[in-house]
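Structure at a glance
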Amino acid sequence: MDREERDTAADTHAAAPAQAAKRSPAKRVLRWVVTLAVVGVVGWLFARSLAANWEQVREQHLGFSWWWVLATVCFAGAVALTGIAWGRIIRWLDPSAQVPAREAIAVQCLSWVLKYIPGQIGSVTNKVLWAGRKGISRTLVLISFLYENIFLQIASIVPAVVILLLSLGPSLFGANATLLLAPLAVLIPAAVVLYPPAFHALIALPARRLLKAEVPREYFLSAPRAVLSLGEFLLPRLLNGIGFVIIAATVSDITPQHWLPFIAAYALAGAIGILAILVPSGLGVREAVIVVVLSQYVPTSEAIVISLLARLLATLGDALVALLYVTVRQTLPKETRP
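Let us look at the structure shown here. (Residues numbered from 1 in each chain as written. Predicted model: local features only at pLDDT ≥ 70, side-chain atom pairs only at ≥ 80, totals over all residues. Heavy atoms only, no water.)

**Some words on the packing of helix α5 (residues 101-113) against helix α16 (residues 300-330)**
It is the contact of α5 with α16, at a shortest axis distance of 9 Å, that shows an interaxial angle of 145 degrees. Between α5 and α16 lies a crossing whose hand is left-handed. Residue-level contacts link R102, I105, A106, C109, L110, W112 and V113 of α5 to D318, V321, A322, L324, Y325 and V328 of α16. A per-class count over the contact of α5 with α16 returns eleven nonpolar, no polar and two charged. (Axes fitted to C-alpha atoms, helices over the stretch in contact; angles between N-to-C directions. Helix = DSSP H or I, 4+ residues; strand = E, 2+ residues; numbered from the N terminus. Left-handed = near helix turned anticlockwise from the far one by under 90°. Contact = heavy atoms within 4.5 Å. Nonpolar A, V, L, I, M, F, W, Y, C, P; charged D, E, K, R; others polar.)

**Digging into the nonpolar core**
Counting residues in each nonpolar core, the largest one holds 34 residues, and the members touching the most others are F244, I247, F262, Y266, L268, L294 and L313. The greatest single-element share of this core, amounting to nine residues, is contributed by helix α14 (residues 256-275). Sequence-distant contacts of I247, that is, excluding residues within four places in its chain, are made with A71, F75, I306, L309, A310 and L313. Counting 32 residues, the second-largest nonpolar core is a separate cluster that includes I90, V99, V107 and F233. (Core = buried A, V, L, I, M, F, W, Y, C linked by side-chain atoms within 4.5 Å. Buried < 20%, exposed > 50% of the residue type's maximum accessible area, 1.4 Å probe, protein only.)

**Comments concerning the side chain of T72**
In this structure, T72 sits in helix α4 (residues 67-93). A polar contact is formed between the side chain of T72 and the backbone oxygen of W68, at a distance of 2.8 Å. When residues no more than four places from it in sequence are discounted, the contact partners of T72 are L313, L316, G317 and L320. (Polar contact = N/O pair within 3.5 Å; in protein donor to acceptor, adjacent residues only side chain to side chain.)

**Some remarks on a nonpolar patch on the surface**
A grouping of F64, W66, W67, V69, L70 and V73 is seen on the molecular surface, where their side chains present a nonpolar patch of about 690 Å² in accessible area. Assignment of secondary structure puts V69 in helix α4. (Patch = residues over 30% accessible without salt bridge, like charges linked within 9 Å, V, L, I, M, F, W, Y side chains within 5 Å. Areas by Shrake-Rupley, 256 points an atom, 1.4 Å probe, with all protein chains shown as cover. Salt bridge = Lys/Arg side-chain N within 4 Å of Asp/Glu carboxyl O.)

**Some thoughts on helix α12 (residues 223-232)**
What α12 keeps buried is the set A226, S229, L230 and E232. Looking down the long axis of α12, one finds its buried residues gathered within 155 degrees of arc, a one-sided arrangement. For α12, exposure combined with an orientation more than 90 degrees from the buried face picks out P224 and L228. Contacts made by the buried residues of α12 are with α4, α7 (138-168) and α13 (234-251). (Arc of directions from axis to C-beta.)

**Notes on α7**
The first and last C-alpha atoms of α7 sit 44 Å apart over 31 residues, in line with the 45 Å expected at 1.5 Å per residue. A distance of 3.2 Å separates the backbone nitrogen of T139 from a side-chain oxygen at the start of α7, and that oxygen is part of S137. Where α7 ends, the next residue or the one after it, G169, has phi of about 85 degrees, a positive value. (Expected span 1.5 Å × (residues − 1).)

**Here we look at the pattern of salt bridges**
The full count for this structure, using the stated rule, is five salt bridges. Its salt-bridge partner being K134, residue E103 comes within 2.9 Å of it at the nearest N-O pair. Here the residue E103 occupies a position in helix α5, and K134 occupies one in helix α6 (residues 121-134), the gap between them amounting to 31 residues. Of the charged contacts, one joins E148 and K127 as a salt bridge, the two residues approaching to 2.5 Å between their closest N and O atoms. One end of the pair, E148, is in helix α7; the other, K127, is in helix α6, and 21 residues separate them in sequence.

Set out below in structure tokens:
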């Protein structure tokens, strides 16, 4: 795609908000119908997941703890931190894009809630549609989505495996190699994103065939910025882990020496859950990883309770994310609301 073509595409995207304002009544009605249908499907899947998780936790006869509220806030806060990191990628890839942190958080929160549609279809579609309304290249946003998920995987897997190896030794992975070490295979292609020419070459070929156009090199992060962004994606994983440690402390007598391994277990479980793309939010996969790792430190029965309770509170955290989306969205100008 030469400069003239990119300028034309930019003009087209810049005109998107004006065109949106001229939508016919039929299109507006269709948009509302589609929106209500999506909300209905997501709401039903969320309610079903919440009911199943609540039933499993209720069978454990646990007493309520106010610490669970803090853990739930941590889970929701991690989504906001992810949104901030993703928004920075957008601004780096397109310096002309006006995407404040609040708007990036709102977009990320909505995409997170839409994760209940299996395969992350809802999440990526939301960002692509937002890009169209915003006048940002949809190709650029798709690349940012790849960066986000790959960075989250690296930030989850590498520190977690190192921590667990130092804490437990290779024996844990020997008995559970298929479950715990399979994500390491993802790191091979994931490492490509840290070398911009290789990542560009990897994306350019399918883009050339599908889009019949070249992907501009400026749509890719430089190596230093890729490393900085990867470091930023460590923060939401850490906040998630803190919430998980809080939950574990209400069930088991754990000491500070357990904190890092427990954070690592939750991060690794989250990474493996994401890879289970055909299951909403990796249902059941994360719990298996958590039980395998935590049973090395606490009784298996307690590890099971912790995994079930974490699932329930993470689901409640999703409701808090939806509330955060509505709240932040109201603070944005109407023309920029996702």
